Structure formats: structure tokens, C-alpha cells
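Chain by chain, the residues:
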Amino acid sequence: MAGGGFHFGYYLGIYAALCESGRSPDVLLASCGGAIAAALIQKLPDDAQRKQWIGSPQMYQFWCGLKSNPNATLLGAFKGAMKRRFLGGNAKHIPDLFNDYLFEIPGQLPLPESCWGESDGGVAVAIVAGKLLYAEEEVGLLRGTRKLFSEMLFCDERSAGLLAALESPLSAAVFGNNAIAPELLTDTSMSLGDAVRASISDMFYFRCFAHSSGNYIGGVIDLFPIEVASRLANSVIMELKGGYDATYEQPAVRTVFGFDGNQRLHHVLQQHADVWVDTSDMTQVFLQQRIRQKIIWHKNSIEIVAPPTYDAYVTMINAQWQFGYQRGLDGVKSQLKASG
């Protein structure tokens, strides 16, 4: 479940389609917004309850509660984006993920009581995030060849055992002198809710997530962890995503992590997955019906704007779910056709 931003509802639809088609996953590998859907699948026993929870008033109020960082201005955000695009380089300096962000997240994600292990349906969960290997006082220093992040998997004991000795795919020589350490870390002690919170902490959108075990950045460190999936399972169902945009997303990944996000995506697409679920046009499909950023000129700020009413939010979630459900069915049908 490779991110999806605020379109997290479509993963529940994909999962429903896979189960209906006899392709029920026994482990969900999730990052960013996909981690929210994975947690609901792991904890709640059926589609109806998962849809009800993600479309609940509590979830709607949570997204309405995303507020602008009072220290972030429209001009500052624009200057930062342009600096990353034209001057950022490949993680040349240690990035400020403590203070350089646009939005504040409410303190608690409204998720069901969280625990690891398998749900009643036999589904295990592994969640991707990145652990910072530097302190706040080091921000701005030249990086050189230093590694600034470890790819982290929050998971159950069995998954951690399967991932033992696996190196982070991003440490491969093909991705150059990037900021990702070779060792892929696992953590079986963090609560599922905190793991989800860590995974959604995308750089420059939200502050890095502070936990007693360290500071964490989101699953954007490895949105397409097909190598990890292949270590966890004999059969892999992978999302076919659209590429990073050249104005904001690509420069952010390059400036913080030191690799080319679209090169990484291309590298992933050359590898084998048993089923590809094509969501590459998702942004265009939900261009109007979505949680989005909005420029507020008179406040010199950028704000997150949720649907204007709770009913509109439920309509959005239902549309996301239906989109995912249909794309999941299409992916299975394509695989069956290809196999004869």
C-alpha cells in the first residue's frame, strides 16, 4: 500500500476486491496514507466496519483538525520549494525536518485500539518509515557521505525474522551517494498507532515524529518496497503508481534522501510482481473531490481543506473505496489473462 496521500480509502477497496477474487493477502506492507488503511484492516474484521470507521465523524474531525504551522508562510514555502528544486542537490546538507514543515497534526490518530500480530482474518501488518540518524542541532551542516536515515519496518516478530539481514534497497550503488544507511531496521515494540503516525510524517508537510525511541520521517523513504515484499511473501501484489512531479515532489525526495524518486520507481517497475494494481491516474480522478491544499492569500499561508461537510466527506470516502475496488478487480483480471 504505497502511500496515496489523503486518498487512503481506496486501499480498503483494493483489499476487498482481492479478498473477493480469492487473493486475500496474509501480510500488508504499507507506507504513509496506506498505513492508515492497513491498520484498519488489521484491527477490524470486515469491510463494512472498516468503511464505517474511515468514514466516521471522528476521522472527518481529525482531517479538519490539520492546521497550518504558525511559523510557516506562503512566501517561505514557495522559497523553500524553489530552493529545493534548483539548489537542493542530492542531500547536500542535513535537512531541517524539525521546524521546516507546513502543517500541524492533531495529537492522536483516531484508530481502533492498536496491537501487532494477526487479526481475526489472519492479516499481519508491516509499516514503512525512516529513522533520523542525526540530532536537531546538526541541521544545516554539510552531509558529505554521511548516512542520515535508516529505513525502518514496524512489524510483528515473524515479519522481523523474515527481514533479518536484508539491506535497504535504497542503499544500492545504482542510487548513488544517497543518505540512506545500508542496514534495514525492524521494530516490534512500537504500538501500531505510533507506527502509523510515524509513517504519515512526510517531510515538509509535517514535523518528524518524536518518539522515545527516536525521531522518524514518513514512509516516503521507500514508497515502493517491492524487495521487502518479496522477502516477506512468495506472491506479491504491487500498486502501479504515477511518477513524482518535477516541481515539488521530486526535488523534496532528492534534497532530503539524496536519490531520484522517479529512477527508484522505474527500478521497481522492472521487477516482478504477480499482480499490478494500476492507480497511476488516481490524482486526476480525484482532482476535485479530495482533501487538498489551498493558498490563503490574505493570511499569507497554505491550509489543508477538507470537504465542507461531513456528508461530502463520506461521499469522498465512498468514491475512493469504489475506485480501489474496481482497480483491484482489474489487476486480478489482467493477471489471469496474462497467465492464460
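**Brief notes about the layout of surface pockets**
In this approach a probe as big as a water molecule rolls over the atoms, and the regions it shows empty are the leftover space. Of the voids in this model, the second largest pocket is the one considered here, and its volume is about 540 Å³. Along the walls of the second largest pocket sit 28 residues, with Pro25, Val27, Leu28, Leu29 and Ile237 positioned nearest its centre. Contributing elements (two or more residues each) for the lining of the second largest pocket: helix 1 (9-20), strand 1 (27-31), helix 8 (226-232) and strand 9 (237-240). Here the residues of the lining of the second largest pocket sort into 21 nonpolar, four polar and three charged.

**Points about the pattern of salt bridges**
Taken as a whole and assessed by the stated rule, the structure comprises eight salt bridges. Across the salt bridge formed by Arg264 and Asp222, the nearest N and O atoms sit 3.1 Å from each other. Placement of the pair is Arg264 in helix 10 (residues 261-269) and Asp222 in the loop between strand 8 (214-217) and helix 8, with a sequence separation of 42 residues. Asp222 matches Arg264 in its accessibility class, with the two residues each being buried. The partner of Asp281 in a salt bridge is Arg327, with the nearest N and O atoms 2.7 Å apart. Of this pair, Asp281 sits in the loop between strand 10 (275-278) and helix 11 (282-285) while Arg327 sits in helix 12 (residues 310-338); the two residues are 46 residues apart in sequence, bridging distant segments of the chain.

Analysis parameters
- Residues numbered from 1 in each chain as written.
- Predicted model: local features only at pLDDT ≥ 70, side-chain atom pairs only at ≥ 80, totals over all residues.
- Heavy atoms only, no water.
- 1 Å grid on protein atoms, 1.4 Å probe; cavity = no way out; pocket = protein on both sides within 12 Å on 5 of 7 lines; lining within 4 Å.
- Points joined across faces, edges and corners; volume = space filled by probe spheres on them.
- Helix = DSSP H or I, 4+ residues; strand = E, 2+ residues; numbered from the N terminus.
- Nonpolar A, V, L, I, M, F, W, Y, C, P; charged D, E, K, R; others polar.
- Salt bridge = Lys/Arg side-chain N within 4 Å of Asp/Glu carboxyl O.
- Buried < 20%, exposed > 50% of the residue type's maximum accessible area, 1.4 Å probe, protein only.

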